[in-house]
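# What the coordinates show
Next come the chains, spelled out residue by residue.
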Amino acid sequence: MASLTLKNIEKIYPGNVHAVRDFSIDIKDKEFIILVGPSGCGKSTLLRMIAGLEEISKGEMHIGDRMVNHLPPKDRDIAMVFQNYALYPHMTVYKNLAFALELKKYPKEEINKKVMEAAKILDIEHLLERKPRALSGGQRQRVALGRAMVRNPAVFLLDEPLSNLDAKLRAAMRTEIAKLHQKLETTFVYVTHDQVEAMTMGDRIVVMKDGVIQQIDTPQNLYDMPANMFVAGFIGSPQMNFFDTVLLKDKVGYKFKIGESVFRIPKSRLGTVNLTDYVDTEIVLGIRPEDIYEAVMEEKNYIDCKVDVRENMGSEIYMYVTCKDKKFTARLGTDTAAQTGGLIRIKFDLSKIHLFDKKTEKSILA
């Protein structure tokens, strides 16, 4: 088992194309790290540099105590599970699992022991004589994981391994991979563009954009305390609502307006943050859909909105509304009577709002 340290890693392709910029992280032994971001953000390139499949342009990479910048993949003590599983189609499941060990001249008895142990953990013992074409997507996924497991690597690298599965199987395999990590007690680095996978599986999440780290934190901290608008909008589904407003201040404290409605920012939400420099300037206010609720008649500081679309999700309702030319998405209970084309009166949970600098897009409440 091993830790993984990346110091100021960069990947520059011909034409001065920066795929990864100044990437630094210390990954602890046995930690489950998720790299998440939109397509083209550099996460798979970074994983391939860890694996040794891409050269590092700048920086240092250590696996345990060894600097591995120039080590070939076979000497890095890593195993990688690819998006397309990369199984050998002419080999049985048993042969696929055993192949890497046979190349390393392991004794047959040890190969058989390792293969059978992996097959038992992954519940694929009954599939060992089949070939990949006779397997379902989930079964192929298990074989790909098993092939990595038998090598007992110091670091597991997984590149969007669930993207080819249907939604139900993806949810099941998320649980299986999390259990596997607990059993193996090995360092996992997992790449995905799916923020649900990221939130449910990782010890820490690295959010990337254009090859640059936006934030590294626990799933809950990313959700509750996003460092900037990109992280706030990327993590969470439906995504956070944003709108421009002006920060105002009077004797009572800070406030903002939507139309004629005035909303006061609770002191508990501000903490020790001083917003003096932002008074009477435009800022961006963010609020998550679940922090918007339907106001009752006696409540104050509500906004009347037009319902553009009502989506019934079974256990909840997604309401897409327009208020004073501002659009919001709200997650409401199924007891709401508002319908598409009608009106709804909404309020905000002001203890859950986020404020961002309009120019830098960084959080000003962090």
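Right above here is the structure, for reference.
Quantities reported herein were computed from a predicted structural model and do not represent experimental measurements.

On to the overall build of the protein chain. The number of helices and strands found in the protein chain is nine helices and 21 strands. Taken over the C-alpha atoms alone, the protein chain extends approximately 80 × 45 × 35 Å along its principal axes. Within the span of the protein chain, comprising 366 residues, buried residues form 48% of the whole. For the protein chain, the accessible surface area stands at approximately 18,100 Å², while carbon and sulfur atoms represent 49% of it. Charge centroids of the protein chain, computed over 53 positive and 49 negative side chains, lie 2 Å from each other.

What follows deals with the pairing of strand β20 (residues 343-348). Judged by how many residues are buried, β20 sits mostly within the fold: five of six residues are covered. Strand direction decides the pairing type here: strand β16 (residues 292-294) and β20, joined by three bridges, are antiparallel. Paired with I292 across the strands is F348, a residue of β20. Sheet topology note: the strand β17 (residues 303-312)/β20 ladder contains four bridges and is antiparallel. What sits directly across from I303, in β20, is I346.

As a further point, take the pairing of strand β3 (residues 32-36). The buried fraction of β3 amounts to five of the five residues, a majority that puts the element mostly inside the structure. Two strands pair when backbone bridges link them, and β3 and strand β8 (residues 187-192) are joined in this way by five bridges, in the parallel orientation. Residue I33 lies in a different strand from β8, and its bridge partner there is V189. Note: β3 against strand β9 (residues 204-209), four bridges, orientation parallel. Bridge pairing in β9 places V36 opposite V207.

So, on to the layout of surface pockets. Taking a probe equal in size to a water molecule and rolling it over the atoms shows the remaining empty space. Roughly 480 Å³ of volume is contained in the largest pocket. Considering the residues around the largest pocket, the lining is formed by 19 residues, among which A79, M80, F82, A100 and R151 are closest to the centre. Secondary structure elements with two or more residues in the lining of the largest pocket: β6 (78-81), α2 (93-103) and α4 (137-149). Tallying contributions element by element places α2 first for the lining of the largest pocket, with four residues. Within the lining of the largest pocket, the residues separate by chemical class into 14 nonpolar, one polar and four charged. Every residue lining the second largest pocket is counted, 12 residues in all, and those nearest its centre are E117, M149, V150, N152 and L184. For the lining of the second largest pocket, the residue count by class is eight nonpolar, two polar and two charged.

Further remarks concern the state of the cysteines. Applying the stated criterion across every chain yields a total of one disulfide. Sulfur-sulfur distance for the disulfide between C305 and C323 comes to 1.7 Å. Looking along the S-S bond of the C305-C323 disulfide, the torsion reads about 100°, which is the right-handed sense. Here C305 is found in strand β17, whereas its partner C323 is found in strand β18 (residues 317-323), with 18 residues between them in sequence. Each member of the pair, C305 as well as C323, is classed as buried.

Basis of the calculations
- Residues numbered from 1 in each chain as written.
- Predicted model: local features only at pLDDT ≥ 70, side-chain atom pairs only at ≥ 80, totals over all residues.
- Heavy atoms only, no water.
- Helix = DSSP H or I, 4+ residues; strand = E, 2+ residues; numbered from the N terminus.
- Buried < 20%, exposed > 50% of the residue type's maximum accessible area, 1.4 Å probe, protein only.
- Areas by Shrake-Rupley, 256 points an atom, 1.4 Å probe, with all protein chains shown as cover.
- Lys, Arg positive; Asp, Glu negative; His and termini not counted.
- Charge placed at Lys NZ, Arg CZ, Asp CG, Glu CD.
- Pairing = 2+ DSSP bridges.
- 1 Å grid on protein atoms, 1.4 Å probe; cavity = no way out; pocket = protein on both sides within 12 Å on 5 of 7 lines; lining within 4 Å.
- Points joined across faces, edges and corners; volume = space filled by probe spheres on them.
- Nonpolar A, V, L, I, M, F, W, Y, C, P; charged D, E, K, R; others polar.
- Disulfide = S-S within 2.5 Å.

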